Amino acid sequence: LNGMNDHAKPKILPIGRGQHDAAMLRTLQASGYRGPVGILDHVNSEDSEVQLKKNLEGLKKLTRP
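Conventions adopted
- Residues numbered from 1 in each chain as written.
- Predicted model: local features only at pLDDT ≥ 70, side-chain atom pairs only at ≥ 80, totals over all residues.
- Heavy atoms only, no water.
- Salt bridge = Lys/Arg side-chain N within 4 Å of Asp/Glu carboxyl O.
- Buried < 20%, exposed > 50% of the residue type's maximum accessible area, 1.4 Å probe, protein only.
- Helix = DSSP H or I, 4+ residues; strand = E, 2+ residues; numbered from the N terminus.
- Expected span 1.5 Å × (residues − 1).
- Arc of directions from axis to C-beta.
- Polar contact = N/O pair within 3.5 Å; in protein donor to acceptor, adjacent residues only side chain to side chain.
- Contact = heavy atoms within 4.5 Å.

**Quick word on the pattern of salt bridges**
Next, step 1: Throughout the structure, instances matching the rule amount to 2 salt bridges.
Next, step 2: The shortest N-O distance in the salt bridge between E46 and K54 comes to 2.9 Å.
Next, step 3: Take K54: its relative accessible area is 24%, and that puts it in the partly exposed class.
Next, step 4: Residue K53 pairs with E49 through a salt bridge whose shortest N-O separation is 3.6 Å.

**With respect to helix α2 (residues 48-63)**
Next, step 1: An ideal rise of 1.5 Å per residue puts 22 Å on 16 residues; α2 measures up with 22 Å between its terminal C-alpha atoms.
Next, step 2: Where α2 is concerned, the buried positions are Q51, N55, G58 and L59. All buried residues of α2 fall inside an arc of 100 degrees around its axis, so they share one side. Exposed residues pointing more than 90 degrees away from the buried face of α2 are listed as E49, E57, K60 and K61.
Next, step 3: Residue D47 occupies the N-cap position of α2, its side-chain oxygen lying 2.8 Å from the main-chain nitrogen of E49.

**So, the environment of N55**
Next, step 1: Its place among the elements puts N55 in helix α2.
Next, step 2: Exposure remark for N55: the relative accessible area of 1% places this residue in the buried category.
Next, step 3: Linking N55 and L13, residues 42 residues apart in sequence, is a C-alpha distance of 8.7 Å.
Next, step 4: Other than its neighbours up to four places away in sequence, N55 contacts L13, P14, I15, I39 and L40.
Next, step 5: A polar contact of 2.7 Å, which involves the side chain of N55, links it to the backbone nitrogen of I15.

**Let's talk about the side chain of N5**
Next, step 1: Tracing the chain through its elements places N5 in the segment before α1 (21-30).
Next, step 2: Take N5: its relative accessible area is 18%, and that puts it in the buried class.
Next, step 3: Polar contacts involving the side chain of N5 include one to the main-chain amide nitrogen of Q19, which spans 3.0 Å.
Next, step 4: Discounting residues that sit within four places of it in the chain, N5 has contacts with P10, L13, R17, G18, Q19 and H20.

Note that all results are geometric; they support no functional claim without further evidence.
Right under this line is the structure:
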C-alpha cells in the first residue's frame, strides 16, 4: 500500500494523504480479501521509520469505524 494521486503529482505519498487511498481500501475490503498487506517505502529523502509511522497513522485513520 502507498498513497496515490492522479497524474502522480506527487508520485509517492504516505497512506491516507492520497486522493484514492480510502477508495482503494474499500475495494480491498469489499473483495473479501483477509490476508496480509504490505506498506511500501519508496521515499529516499526520509528515514524509513518516520515514513512507516506516517503510513501506519494514515492507515489507522482510514480504517476507523
